[in-house]
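Survey of secondary and tertiary structure
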Amino acid sequence: MSLEGKSAVITGSNSGIGLGVAWALARAGADVVLNSFTDRVEDHALAEQIAKETGAKARYIQADMSRPGECRSLIEQAGACDVLVNNAGIQHVAAIEEFPVETWDSIIAINMNSAFHTTAVAIPLMREAGWGRIINIASAHGLTASPYKSAYVTAKHGLIGMTKVVALETAREPITANAICPGYVLTPLVEAQIPDVAKEHGISEDEAVAQVMLVRQPTKEFVTVEQLGGLAVFLCSDAAAQLTGTAVSMDGGWTAL
Ligand code: NAD
């Protein structure tokens, strides 16, 4: 699969899944735009490293996905956007009656609304280019729920709904829109939680992973960012041209339970 000549924008891609998807798309030949809300030397260095190791063009553009104007200007600054990966996301865990209003608003803005703004600007560019792929990183929590994750579950269900609408609105064009629904992925964010979970439950770190974190993941293994990158590349392939409007689970069997 060669994505040579294609340009990809991946929101929230200075770590974790977004960065893994950016590497996979660049290795497949796409030029990539990395993004987050920070503007640090190390953010730009990630893009330089990808360019150096893959030969793809890579840039880092700072834009805060909680702000509609910045979501839209990210795509405008990118200039081309054949592949749009809406990945930026945050989480907060609290009972709904105690859920901080500002945190609710931030989760809905970053995890769901940002995809509306980036997609709205990207689709005319895809039409102009005559080809496009929209990949929304949802979650197993876009299809199922867990207590205390009201904002996250709401946003991820909404993102899957938006994916279906965009697929229908672009159905007669060579543009597809799909959601990827990962189960638990071993990103730096999740890795950092393991010692705390072990401590809280008075168990070893291995037990914390198997008995608490992966309790709903039948394979008892984390999904990897490389596997998700491979799925994103597949969604960009010709074989996936008729794959649109769907939510593809990569969750170690979570949603089969
Ligand atoms: P992560 O924290 O490593 O990545 C989140 C990314 O979003 C980071 O690059 C961060 O800088 C960026 N981001 C946060 N706020 C932003 C903002 N206001 N503007 C721009 N960028 C912002 O976490 P991750 O696990 O890689 O998560 C990436 C996506 O995958 C999220 O949408 C998350 O909901 C989803 N997801 C993760 C898992 C998992 O187990 N890790 C499972 C299912 C879905």
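Residues numbered from 1 in each chain as written. Predicted model: local features only at pLDDT ≥ 70, side-chain atom pairs only at ≥ 80, totals over all residues. Heavy atoms only, no water.

1. Re the overall build of the protein chain
When helices and strands are tallied, the protein chain shows nine helices and seven strands. Here the protein chain has a C-alpha radius of gyration of 18 Å; the compact-globule value for 257 residues is 18 Å, and the two agree. Structurally, the protein chain occupies a C-alpha span of about 55 × 40 × 35 Å along its principal axes. Each of the 257 residues in the protein chain was classed as buried or not, and the buried ones make up 51%. (Helix = DSSP H or I, 4+ residues; strand = E, 2+ residues; numbered from the N terminus. Rg over C-alpha atoms; globule rule 2.2 N^0.38 Å. Buried < 20%, exposed > 50% of the residue type's maximum accessible area, 1.4 Å probe, protein only.)

2. A closer look at the site of the ligand
Close to the ligand lie 30 residues; N14, S15, S36, N87 and Y152 are nearest. With respect to the ligand, the backbone of I17 contributes an N or O atom lying 2.8 Å from an oxygen atom. Between the ligand and the protein, one listed contact pairs a nitrogen atom with a backbone N or O atom of M65 at 2.8 Å. Surface burial for the ligand is 90%, taken as the share of its 820 Å² of free accessible area covered by protein chains. If you list the elements that add at least two residues to the shell around the ligand, you get α1 (16–27), β2 (31–36), α5 (150–169) and α6 (188–191). Across the shell around the ligand, the residue classes tally to 15 nonpolar, 13 polar and two charged. (Near = heavy atom within 4 Å. Polar contact = N/O pair within 3.5 Å; in protein donor to acceptor, adjacent residues only side chain to side chain. Areas by Shrake-Rupley, 256 points an atom, 1.4 Å probe, with all protein chains shown as cover. Nonpolar A, V, L, I, M, F, W, Y, C, P; charged D, E, K, R; others polar.)

3. With respect to unusual backbone geometry
Positive phi outside glycine occurs at Y148, with the angle close to 70°. Locating Y148 in the fold gives a position in the loop between β5 (132–137) and α5. Although it is not a glycine, K220 adopts a positive phi angle of roughly 60°. Turning to its location among the elements, K220 is positioned in the loop between α8 (205–213) and α9 (225–235). According to the relative accessible area criterion, K220 is partly exposed, its value standing at 39%.

4. Quick word on the packing of aromatic side chains
On inspection of all chains with the given rule, the structure shows two aromatic pairs. Look at F99 and W104: their rings are 6.2 Å apart centre to centre, the planes differ by 85°, and that puts the pair in the edge-to-face class. For F99, a relative accessible area of 9% corresponds to the buried category. For W104, a relative accessible area of 28% gives the class partly exposed. Where Y184 meets F222, the ring centres are 6.2 Å apart and the plane angle is 80°; that geometry is what we call edge-to-face. Of this pair, Y184 sits in the loop between β6 (175–182) and α6 while F222 sits in the loop between α8 and α9, and the two are 38 residues apart along the sequence. The class of F222 is buried, set by a relative accessible area of 16%. Taking the ring centre of W131 as reference, the NZ or CZ of K6 above it sits at 4.3 Å. (Phe/Tyr/Trp six-rings, centres within 6.5 Å; stacked < 30°, edge-to-face > 60°. Lys NZ or Arg CZ within 6 Å of the ring centre and 35° of its normal.)

5. A few points about the environment of A30
Among the secondary structure elements, A30 is positioned in the loop between α1 and β2. Between the C-alpha atoms of A30 and I110, which are 80 residues apart in sequence, the distance is 25 Å. With residues near it in sequence (within four places) discarded, A30 still touches L3, K6, L25 and A56. (Contact = heavy atoms within 4.5 Å.)

6. Concerning the packing of helix α4 (residues 101–129) against α5
Remark: α4 packs on α5, axes separated minimally by 8 Å, with the N-to-C direction vectors making an angle of 15°. Between α4 and α5, the angle falls in the class roughly parallel. Viewed along their axes, α4 and α5 form a crossing whose handedness is right-handed. Within the contact between the two elements, α4 uses W104, I107, I108, N111, M112, A115, F116, T119, I123 and R127 and α5 uses S150, A151, Y152, T154, A155, K156, G158, L159, M162, V166 and E169. For the contact of α4 with α5, the per-class residue count stands at 13 nonpolar, five polar and three charged. (Axes fitted to C-alpha atoms, helices over the stretch in contact; angles between N-to-C directions. Parallel < 35°, antiparallel > 145°, perpendicular 65-115°, else oblique. Left-handed = near helix turned anticlockwise from the far one by under 90°.)

7. What about the sheet that holds strand β7 (residues 247–250)?
Across the sheet, seven strands lie side by side as β3-β2-β1-β4-β5-β6-β7; this open sheet has parallel pairing. Strands with a single pairing partner mark the edges of an open sheet, and in this sheet they are β3 (58–62) and β7. The mean inter-strand angle of the sheet, taken between neighbouring strand axes irrespective of direction, is 20°. Against the sheet, α1 contacts β1 (7–10), β2, β4 (83–86), β5 and β6, and its axis sits at roughly 170° relative to β2. (Pairing = 2+ DSSP bridges.)

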